[in-house]
Structures are given as C-alpha cells and as structure tokens.
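# Remarks on the overall topology
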Amino acid sequence: MTASDPSSLATVSAQFAEDWIMALRQCCTDAQLASFLQRAGMHTVQGRLAHRITLDQIVRLYQIAAIETKDEMMGLWSRPIRARALQHLLTTVREASSLPSALHRFSTFWNLLLDDYQLELESGYGSISLRLMPRETLPCQQFGHMLMLKLAHGLLSWLAGYEVPVQAVQFAFERPGFSDDYSVIFPAQVSFKAPCSAITFEAAELGPANKRSTAELKEFLNRAPRDWIFTEYREHKQSLRVREYLYRTSWEGGHLAGAARSLNVTPRTLMRRLDAEGTSFQAIKDGLRRDIAIRGLQGGRKSIEEISQDVGFSCPANFHRAFRRWTGVTPSSYRTSEN
C-alpha cells in the first residue's frame, strides 16, 4: 500500500468495457483496433479483453482512439463527435455562473450534436436530474450512457473545485453481472432497469461555479478522461470508504472492527450497510489486494514473491491460489500476457 492515491489503483472488469470495444469496431479496422488495444496495454484473447483493466489503460485507450478514429466518443453514438468538441464543451460550460447553469449548457451543447438521444433537465423536490431520453428505439449502449452521465458529473466537479455529491444514478438497461464496477465510477448507489438513464443531484449542493483559466482548461483536456471518469474516494458508499481505510492500514491491522471505528459505526452496522450495497468486508479487501497485485504485475519491476508480500500473503503459493480465484489466471500467466 505505497501509492498515494487509492483511486489510481482501481480496476474494472473486461466486460465493463466490452460494448465500448464493440463500438470501436464500427469506426476502425480490426488491425487498427488491435493496435489501439496493444498500445493501451490491454491483452486480448480471440479479439476480446482477457483481464481486468486499470484506470491508466482506459485513459490510454481513450486518448489513442479518440484521435485516430476522429471521433471523440469513439463510435458510441450514431453521429461521430468530431475533434475539439470536448474543448468547445468546456469553453461553453466554464462561462456559466452557477452549476445548474453549467448543467443546462451541457445539455444544450449535446442536443446540438446527438441524433439518437435528447438530454433533458428535470427539477423537483429539491433535486435536479439530467436524463438521457432516446429519440428512437435503439439498443442501449451501456458504456456510452455511463460516459455521458459521468462527463456531466466530472465537468460540474471541475467547475466546483471539488467532487460534487451525487444523489442517485440510474440506467435504462438490465443490471449487468459487473454492476459492482459502477461503484468505481459513481459516488452514489446505482440502480438499473429504469425508464431512462439519469444522474440526479441535490439542488442545494449545486452552488456557484468557479472561473477556470485557459491553462486549467488545457490541463483538463490533456488529462481526459482521467479527471472525470473515475470517482475520487471521499464521502461515498461505505464500501469505498472501507477500501480507503484498508488502503491506509497494514494488512495485519486491517480488520472489520478497525474499519467500523474509523467510520464511527458499530461492526454490526457496517456489516449491514455493506450487505445493502451487495458486498462484504472480505470482498472489499480481496478487491483491493487484486488491484494492487495487478498494478505490481503490470509494472514488471517486482518479483511475484515481492508482490505477494505487498498484498499481505506470507506464502506465495497462497497468493497464486487467491489471484487465480480473483482473475481466472495465475500471476505468472497474467504477467506473461501483459508483456
């Protein structure tokens, strides 16, 4: 547990990005796609992603594909989003005097570009929702819906100067088998099979917007999508706060009672809240171990024995068994496929 930012260790399942890869196939050749994935450090088997993917890999793939497909949304929408669209979007929203005004500018901007969806704002009962309404009957593009809602959240947070709290997130598709991955993206409980995809904010939390300089705008663009696609680990779901606690604690000292104390709740209450989020203390601990191990294997500088010690295993054989259970492959196989 040596890195300074636990969110930088986050990984998502290969299935999470699967329809993004499918969309990319529509705007480039198989050879180009293979090149994109290889340069992003993503290993494939028979054209499909083979392993969990990291924040760095998602950022690299986005930056490569957005430029080389000449579509800043990389085939996720029926009309290509041409180069510099994101720059113009930032230029538009940074002129807003308040976050609700920025959300209005965000929806107006995209409604000029999208053919398949209409972005609508709905206010009521102290909340503001951004809804993605289909203009016609289309297959639901899961990654595209996620990216659009998260972009709205990321831009509001950029203007606010802090991560804006999210009241709720809903998607218009069935709960996927990788639904836990959405907790890495959104700082709120996510529901599925809703009438439309939407992100909801408490109106009282949407205050004035800070003025952003041209230099700050360029930095945001150069880092895209790093600053808006992954959530920061702050006052979010209990599971993310437990992960933060474990990240800052030794493996020997990281236990349920200590996590409960750090969150000012009883162990029983913490267990109940984690269960309501569909997870457990051990699952969170295993997930963090897996992500740290993946980062170590990708780095290539440490031996597998050293990595096993980094994630709290005194016996490399136990680490091998655990890693295979987490990912479906052994550490040595994973390292070989990444090199």
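Structure: above.
Residues numbered from 1 in each chain as written. Predicted model: local features only at pLDDT ≥ 70, side-chain atom pairs only at ≥ 80, totals over all residues. Heavy atoms only, no water.

## What to know about the overall build of the chain
For clarity, the threshold we go by: Think of it this way: any DSSP run of H or I at least four residues long counts as a helix, any run of E at least two long counts as a strand, and we number them from the N terminus. The globule rule used for comparison is 2.2 Å times the number of residues to the exponent 0.38, while the radius of gyration itself is calculated over C-alpha atoms. Burial classification: accessible surface area is computed with a 1.4 Å probe over protein chains only, and a residue below 20% of its type maximum counts as buried, one above 50% as exposed, and the rest as partly exposed. The criterion used for residue contact is that any of the two residues' heavy atoms lie within 4.5 Å. Computed with the Shrake-Rupley method and a 1.4 Å probe, the accessible areas treat only the protein chains shown as cover for residues.
Looking only at helices and strands, the chain has 16 helices and nine strands in total. Scaling as 2.2 N^0.38, a compact globule of 339 residues should have a C-alpha radius of gyration of about 20 Å, and the chain matches this with 20 Å. Considering only C-alpha atoms, the chain reaches an extent of 60 × 50 × 40 Å along its principal axes. The 339 residues of the chain split such that 51% are buried. In the chain, the share of contacts with a sequence separation of at least 24, taken over all contacts with a separation of at least 6, comes to 67%. For the chain, the exposed area adds up to about 15800 Å²; of that, 49% sits on carbon and sulfur atoms.

## A word on the pattern of salt bridges
A side chain of one charge can pair with a side chain of the opposite charge when the charged atoms of the two come close. Let me state the cut-off plainly: Here a salt bridge means any side-chain nitrogen of Lys or Arg lying within 4 Å of a carboxyl oxygen belonging to Asp or Glu.
Taken as a whole and assessed by the stated rule, the structure comprises 15 salt bridges. Here Lys 193 ties to Glu 174 by a salt bridge, and the two come within 3.6 Å at their closest N and O atoms. Of the two residues, Lys 193 sits in the loop between strand E8 (190-191) and strand E9 (197-202) while Glu 174 sits in the loop between strand E7 (168-170) and helix H7 (182-185), which places them 19 residues apart along the sequence. Of the residues examined, Lys 193 reaches a relative accessible area of 62% and is grouped as exposed. Overall, the relative accessible area of 49% leaves Glu 174 in the partly exposed class. Because the salt bridges share partners, they merge into one network encompassing Asp 56, Arg 226 and Arg 295.

## Side note on the packing of aromatic side chains
Note the following rule: We call Phe, Tyr and Trp rings a pair once their centres come within 6.5 Å, taking the six-membered ring for Trp, and we label the pair stacked below 30 degrees between planes, edge-to-face above 60, and tilted otherwise.
Going through the model one piece at a time under the given rule, you end up with 21 aromatic pairs. Measuring from centroid to centroid gives 4.7 Å for Trp 20 and Phe 143, while their planes differ by 15 degrees, and the two rings are stacked. Linking Trp 20 in helix H1 (residues 18-25) with Phe 143 in helix H6 (residues 142-160), this pair joins segments that are 123 residues apart in sequence. The buried category is assigned to Phe 143, whose relative accessible area is 3%. An angle of 25 degrees between the planes, with centres 5.0 Å apart, marks the rings of Phe 171 and Phe 173 as stacked. The residues Phe 171 and Phe 173 share a single accessibility class, namely buried.

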